[in-house]
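Below are the chains, spelled out letter by letter.
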Amino acid sequence: MKFSKIAILTAVSSTFIACTEHHSVKIAYENEFRNGDIVFRCGSGMESHAVTEASNSSYSHVGILFFDSIQNTWMVIHAVPGESAPEEADTLKYESLSEFFNPMRAERGAFAKIKCHDSIAAAASLYALAKYHEGVLFDDDYSLSDTTSLYCTELVWQSYLHQGIDITGGNMESSITLICKDSLCIYPSTIINSTAIESIKIFPEQTSSN
């Protein structure tokens with residue numbers, strides 16, 4: 001859940017201390033993946049750290065897995081601002097798992113399964129894929145009441161909600177001032193702490209000196 005406005009918050013309410021080591025994600029457990037599983041990541045930037053601190057979570061962004069049989073690889077469908085080409089709108093992204101966990105964007109990661117049949121999880125991934133093909137825009141207002149545009153956790157939530165599963169467990173969280181238009185917001189931690197999660201596994205970290 002990467003916020004374009006959160007630099008305002010971090011400038012006045014938090015500090016960021018640089019580390020002498022660089023952490024990247026080693027993708028693991030691919031033989032356990034299924035369509036519709038959720039992947040989490042956290043970057044090393046101020047925005048990511050502000051989100052994790054504000055929501056008391058280890059992760060700041062999420063996406064949903066889909067196996068592309070043509071490319072023979074796992075892809076991630078997700079909503080994120082600021083990663084489109086110059087002068088292009090921030091629409092939903094469809095990119096490889098390795099690109100999602102590019103060391104420039106992620107220093108730790110995990111994947112989780114929702115408590116449901118594989119067919120339901122697969123249907124959730126197809127819903128997200130359809131939204132990608134529709135060219136749905138990133139939701140700069142972080143508003144759950146307007147589903148014409150979506151932010152990262154909102155996309156995953158909607159994908160499962162349309163299959164009859166509320167992956168938040170009905171536990172929305174109060175939004176961070178200056179960011180969410182609505183009074184309630186879905187953070188990665190909202191999903192991680194939900195009773196809808198069947199299991200979560202943390203990817204190993206790779207460390208190298210700067």
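Let us look at the structure shown here. (Residues numbered from 1 in each chain as written. Predicted model: local features only at pLDDT ≥ 70, side-chain atom pairs only at ≥ 80, totals over all residues. Heavy atoms only, no water.)

## Side note on helix H5 (residues 152-161)
Next, step 1: Among the 10 residues in H5, nine count as buried, and that is most of the element.
Next, step 2: Within H5, the full set of buried residues consists of Cys152, Thr153, Glu154, Leu155, Val156, Trp157, Gln158, Ser159 and Tyr160. (Buried < 20%, exposed > 50% of the residue type's maximum accessible area, 1.4 Å probe, protein only. Helix = DSSP H or I, 4+ residues; strand = E, 2+ residues; numbered from the N terminus.)

## Describing the pattern of salt bridges
Next, step 1: By the definition in use, this model includes 10 salt bridges.
Next, step 2: The shortest N-O distance in the salt bridge between Glu32 and Lys201 comes to 2.7 Å. Within this pair, whereas Glu32 is found in the loop between strand S1 (21-25) and strand S2 (38-42), its partner Lys201 is found in strand S11 (residues 197-202), the two being separated by 169 residues in sequence.
Next, step 3: For Asp118, the salt bridge goes to Arg34, with nearest N and O atoms at 2.7 Å. Of the two residues, Asp118 is situated in helix H4 (residues 118-133) and Arg34 in the loop between S1 and S2; the sequence distance between them amounts to 84 residues.
Next, step 4: In this structure Asp118 comes out as partly exposed when scored by relative accessible area, which is 47%.
Next, step 5: Look at Arg34 and you get buried, because its relative accessible area is 12%. (Salt bridge = Lys/Arg side-chain N within 4 Å of Asp/Glu carboxyl O.)

## Focus on the nonpolar core
Next, step 1: Within the largest apolar cluster, 39 residues are counted, with the highest numbers of intra-cluster contacts made by Ile38, Ile77, Ile114, Tyr160 and Ile167.
Next, step 2: When contributions to this core are tallied by element, the ones reaching two or more residues are S2, strand S3 (61-68), strand S4 (73-78), strand S6 (108-114), H4 and H5.
Next, step 3: The dominant element in this core, judged by the number of residues it contributes, is H5, at five residues.
Next, step 4: Not counting chain neighbours up to four residues away, the residues in contact with Ile114 comprise Arg34, Ile38, Tyr160, Ile165, Ile167, Ala196, Ile197 and Glu198. (Core = buried A, V, L, I, M, F, W, Y, C linked by side-chain atoms within 4.5 Å. Contact = heavy atoms within 4.5 Å.)

## Overview of the packing of H4 against H5
Next, step 1: At their nearest, the axes of H4 and H5 sit 8 Å apart, and the two run at 125° to each other. It follows from the interaxial angle that H4 and H5 lie oblique. Seen from above, H4 lies across H5 with right-handed handedness. Side by side, H4 and H5 meet where Ala121, Ala124, Tyr127, Ala128 and Lys131 of the first sit next to Leu155, Gln158, Ser159 and Tyr160 of the second.
Next, step 2: Across the contact of H4 with H5, the residue classes tally to six nonpolar, two polar and one charged. (Axes fitted to C-alpha atoms, helices over the stretch in contact; angles between N-to-C directions. Parallel < 35°, antiparallel > 145°, perpendicular 65-115°, else oblique. Left-handed = near helix turned anticlockwise from the far one by under 90°. Nonpolar A, V, L, I, M, F, W, Y, C, P; charged D, E, K, R; others polar.)

## Thoughts on H4
Next, step 1: The terminal C-alpha atoms of H4 lie 23 Å apart, and with 16 residues this matches the ideal 22 Å at 1.5 Å per residue to within 8%.
Next, step 2: Taken as a whole, H4 has its buried residues at Ala121, Ala124, Ser125, Tyr127, Ala128, Leu129 and Lys131.
Next, step 3: Of the surrounding elements, those touching the buried residues of H4 are S3, S4, strand S5 (93-96) and H5. (Expected span 1.5 Å × (residues − 1).)

Function-wise, these values are silent; they only describe arrangement.
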